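# Topology and contacts: notes
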Amino acid sequence: MASVATLIDRMAKVHELLRQGTTYSFEFGPPRSDEMEQVLSRTLVALEPLAPTFVSVTYGAGGSTRDRTHELVVSINQSTTMTAMAHLTCACHTRAELVEIVERYRDAGIENILALGGDPPADADLPEGELRYSIELVRLVRSIGDFSVGVAAHPEPHPRSASLTEDRLHTAEKLSEADFAITQFFFEPEHYFELVASVRAHRVDKPIVPGIMPVTSLSSIERMAAMQGSEFPAWLRAKLEAVGDDPKAVRAVGVEEATKLCRALLDGGAPGLHFYTMNRSTATREIYQALGLTSTA
Ligand SMILES: Cc1cc2nc3c(=O)[nH]c(=O)nc-3n(C[C@H](O)[C@H](O)[C@H](O)COP(=O)(O)OP(=O)(O)OC[C@H]3O[C@@H](n4cnc5c(N)ncnc54)[C@H](O)[C@@H]3O)c2cc1C
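This write-up is about the structure you can find in this document. (Residues numbered from 1 in each chain as written. Predicted model: local features only at pLDDT ≥ 70, side-chain atom pairs only at ≥ 80, totals over all residues. Heavy atoms only, no water.)

## Some remarks on the pairing of strand 4 (residues 112–116)
Counting buried positions over the five residues of strand 4 gives five, a clear majority of the element. The two faces of strand 4 match: Asn 112, Leu 114 and Leu 116 on one face and Ile 113 and Ala 115 on the other face are all buried. Following the backbone out of strand 3 (residues 84–89), through helix 5 (residues 95–107) and into the adjacent parallel strand 4, one traces a crossover that is right-handed. Bridge count for strand 4 against strand 5 (residues 148–153) is four bridges, and the pairing is parallel. Note on strand 5: the bridge partner recorded for Leu 114 is Gly 150. (Buried < 20%, exposed > 50% of the residue type's maximum accessible area, 1.4 Å probe, protein only. Helix = DSSP H or I, 4+ residues; strand = E, 2+ residues; numbered from the N terminus. Right-handed = clockwise from strand over helix to strand, strands pointing away. Pairing = 2+ DSSP bridges.)

This is how it looks when you write it as structure tokens:
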């Protein structure tokens, strides 16, 4: 259990942390079963010593794990040394439901919310949601409390957007009202730098933190990349195929390439790195070590 002094010291808004220097953050998902809960508990114990600047917990739009997001965010904030940010999505919610969720976070002392559009599950017959775009959620969160509010940005761009130009415009619009953005994952640094340049061309200078997905399995990364419209480069597929089905060798390639990407992003001025952990610790620890961020990873 963290001491009171540590808790007071730790409570912090993500945009203020970004002002203090490069941030390193980890993303987790609420567990769907008791077994997955145990895996996540072990992961949190393994990653806490890396002292991430903050961590975040995803939200299942229309899913059964919604309450678990709240529980996990509050429990990380209260029982560990880590600052937790809650993801929240517009999809499938009424405005009144969203107000209630955000008020509960405010009352529990949570200071950071990532405001998202969300993707309603295709196989469930759920209402569309009263708020259409994430910018409306940014405004709603702001009206309820003194939160640090983040938004998503899509380097490649978002699959539902009419065009790249329109997506960049909407990203700049929402970021001008939010405090920071975190990006979807991508594999070529150019995608990130192009996104940042287009948002800056709209005169929005808030921080945009790149999202990093270390590849640990060829089939699952291909599926996820296709779902969110990310290019999965042929050169990376070839490197992974060359090591065959050995999970350790696949992870070694994934870690090596993610480390190169992280270096290129930091060298090019990225304000931080946000790691999609998939609730596992090994790849993130190995990248940390390769980047020289810790000697004990
Ligand atoms: C860092 C990160 C974390 C995520 N976490 C989660 C999570 O926890 N749970 C989850 O379900 N999903 C999550 N997602 C996925 C996200 O919810 C989906 O990508 C979703 O489809 C879009 O979310 P958004 O916030 O970008 O939506 P929006 O900002 O609402 O944009 C959605 C689409 O609408 C377009 N658009 C925006 N404004 C306008 C407008 N005024 N007029 C016309 N078009 C417009 C945009 O260009 C885009 O194509 C995350 C994504 C990222 C990058």
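## As for the side chain of His 70
Its location among the elements puts His 70 in helix 4 (residues 66–79). Setting aside chain neighbours within four positions, we find His 70 in contact with Arg 104 and Tyr 105. (Contact = heavy atoms within 4.5 Å.)

## Observations regarding the environment of Glu 71
In this structure, Glu 71 sits in helix 4. On a C-alpha basis, the gap between Glu 71 and Val 199 in space is 34 Å, while along the polypeptide they are 128 residues apart.

## Examining the packing of helix 6 (residues 134–144) against helix 7 (residues 164–177)
The interhelical angle for the contact between helix 6 and helix 7, taken along N-to-C directions, is 5°, at an axis separation of 9 Å. As far as their axial angle goes, helix 7 and helix 6 are roughly parallel. Taking contact as the criterion, the partners of Ser 134, Ile 135, Val 138, Arg 139 and Arg 142 in helix 6 are, on helix 7, Glu 173, Lys 174 and Glu 177. Of the residues contributing to the contact of helix 6 with helix 7, the split by class is two nonpolar, one polar and five charged. (Axes fitted to C-alpha atoms, helices over the stretch in contact; angles between N-to-C directions. Parallel < 35°, antiparallel > 145°, perpendicular 65-115°, else oblique. Nonpolar A, V, L, I, M, F, W, Y, C, P; charged D, E, K, R; others polar.)

## Looking at the packing of aromatic side chains
One pass over the full model with this rule turns up nine aromatic pairs. Measuring from centroid to centroid gives 5.6 Å for Phe 26 and Tyr 288, while their planes differ by 65°, and the two rings are edge-to-face. Here Tyr 288 lies in helix 12 (residues 282–290) and Phe 26 lies in strand 1 (residues 23–28), a separation of 262 residues in the sequence. Neither residue differs from the other here; Phe 26 and Tyr 288 are each classed as buried. Ring centres of Phe 185 and Phe 187 lie 5.7 Å apart, and the angle between their planes is 65°; on these two criteria the pair is classed as edge-to-face. Overall, Phe 187 belongs to the buried group, its relative accessible area being 8%. One aromatic cluster is present, formed by Tyr 24, Phe 26, Phe 275 and Tyr 288 through successive ring pairs. (Phe/Tyr/Trp six-rings, centres within 6.5 Å; stacked < 30°, edge-to-face > 60°.)

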